[in-house]
Amino acid sequence: MKTITAFYLADCPYCHKAKKAIKELIMENQAYSAISIQWHEENEDPSAIKGYEYYYVPSLFIGREKLYEAQPGQSYEEIKSYVKAALDKALA
């Protein structure tokens with residue numbers, strides 16, 4: 001199982017939706033609860049973003065491979081779908 005590195009901003013509505021999606025997905029599939037997600041608030045931990053290429057948050061990575069980068073205007077359903085794909089990849 002792989003660790004997901006996640007970048008977010010505390011006041012980002014898309015980040016809140018992604019975190020909500022993760023909680024819902026864990027309730028739907030307990031296997032997701034075993035995935036380690038290392039969250040980094042980019043304003044609090046700016047050194048953590050070095051070497052990662054993204055513009056929008058939330059952004060999810062395994063190693064340096066970007067699994068998801070939110071895009072303006074995404075619905076909750078879209079965000080949840082992308083987050084699920086990232087969790088599935090971490091389980092594989």
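The coordinates are above.
What you see is a predicted model; the values in this text were computed from it and never measured.

Q: Can you help me understand the pattern of salt bridges in this one?
A: Working definition: two side chains of opposite charge can pair if their charged atoms are close together. The final tally for this structure, using the stated rule, is five salt bridges. Members of the salt-bridge network, linked through shared partners, are Glu-24, Glu-28 and Lys-80.

Q: How should the nonpolar core be read in this particular structure?
A: Among the nonpolar cores identified, the biggest contains 17 residues, and Ile-4, Ile-35, Leu-60, Tyr-68, Val-83 and Leu-87 are the most heavily contacted of them. Within the residue set of this core, elements represented by two or more residues are β1 (4–8), α1 (13–28), β3 (59–62), β4 (65–69) and α2 (76–91). Residue contributions to this core peak at five residues, all from α2. Those residues within four positions of Ile-35 in sequence are excluded, and the remaining contacts are Met-1, Lys-2, Ile-4, Leu-87, Ala-90 and Leu-91. Counting residues in each nonpolar core, the second largest holds nine residues, with Cys-15, Tyr-52, Tyr-54 and Phe-61 among its members.

Q: How should I be thinking about the packing of aromatic side chains in this particular structure?
A: How two aromatic rings sit relative to each other is set out by the distance from centre to centre and by the angle between their planes. On inspection of all chains with the given rule, the structure shows eight aromatic pairs. Relative to Tyr-54, the ring of Phe-7 has its centre 5.2 Å away and its plane inclined at 15°; by these criteria the two rings are stacked. A residue pair is termed long-range when its members are at least 10 positions apart, and Phe-7 in strand β1 and Tyr-54 in the loop between β2 (37–41) and β3 qualify at 47 residues. Pair check on accessibility: Phe-7 and Tyr-54 agree, each one buried. Grouping aromatic residues by their ring pairs yields a cluster made of Phe-7, Tyr-52, Tyr-54 and Phe-61. It is Arg-64 that lies over the ring of Tyr-52; its NZ or CZ is 4.1 Å from the centre.

Q: How should α2 be read in this particular structure?
A: Compared with an ideal rise of 1.5 Å per residue, which puts 16 residues at 22 Å, α2 spans 22 Å between its outermost C-alpha atoms and is within 8% of the ideal. Among the structural elements, β1, α1, β2, β3 and β4 are those in contact with the buried residues of α2.

So, how was this worked out
Residues numbered from 1 in each chain as written. Predicted model: local features only at pLDDT ≥ 70, side-chain atom pairs only at ≥ 80, totals over all residues. Heavy atoms only, no water. Salt bridge = Lys/Arg side-chain N within 4 Å of Asp/Glu carboxyl O. Core = buried A, V, L, I, M, F, W, Y, C linked by side-chain atoms within 4.5 Å. Buried < 20%, exposed > 50% of the residue type's maximum accessible area, 1.4 Å probe, protein only. Helix = DSSP H or I, 4+ residues; strand = E, 2+ residues; numbered from the N terminus. Contact = heavy atoms within 4.5 Å. Phe/Tyr/Trp six-rings, centres within 6.5 Å; stacked < 30°, edge-to-face > 60°. Lys NZ or Arg CZ within 6 Å of the ring centre and 35° of its normal. Expected span 1.5 Å × (residues − 1).

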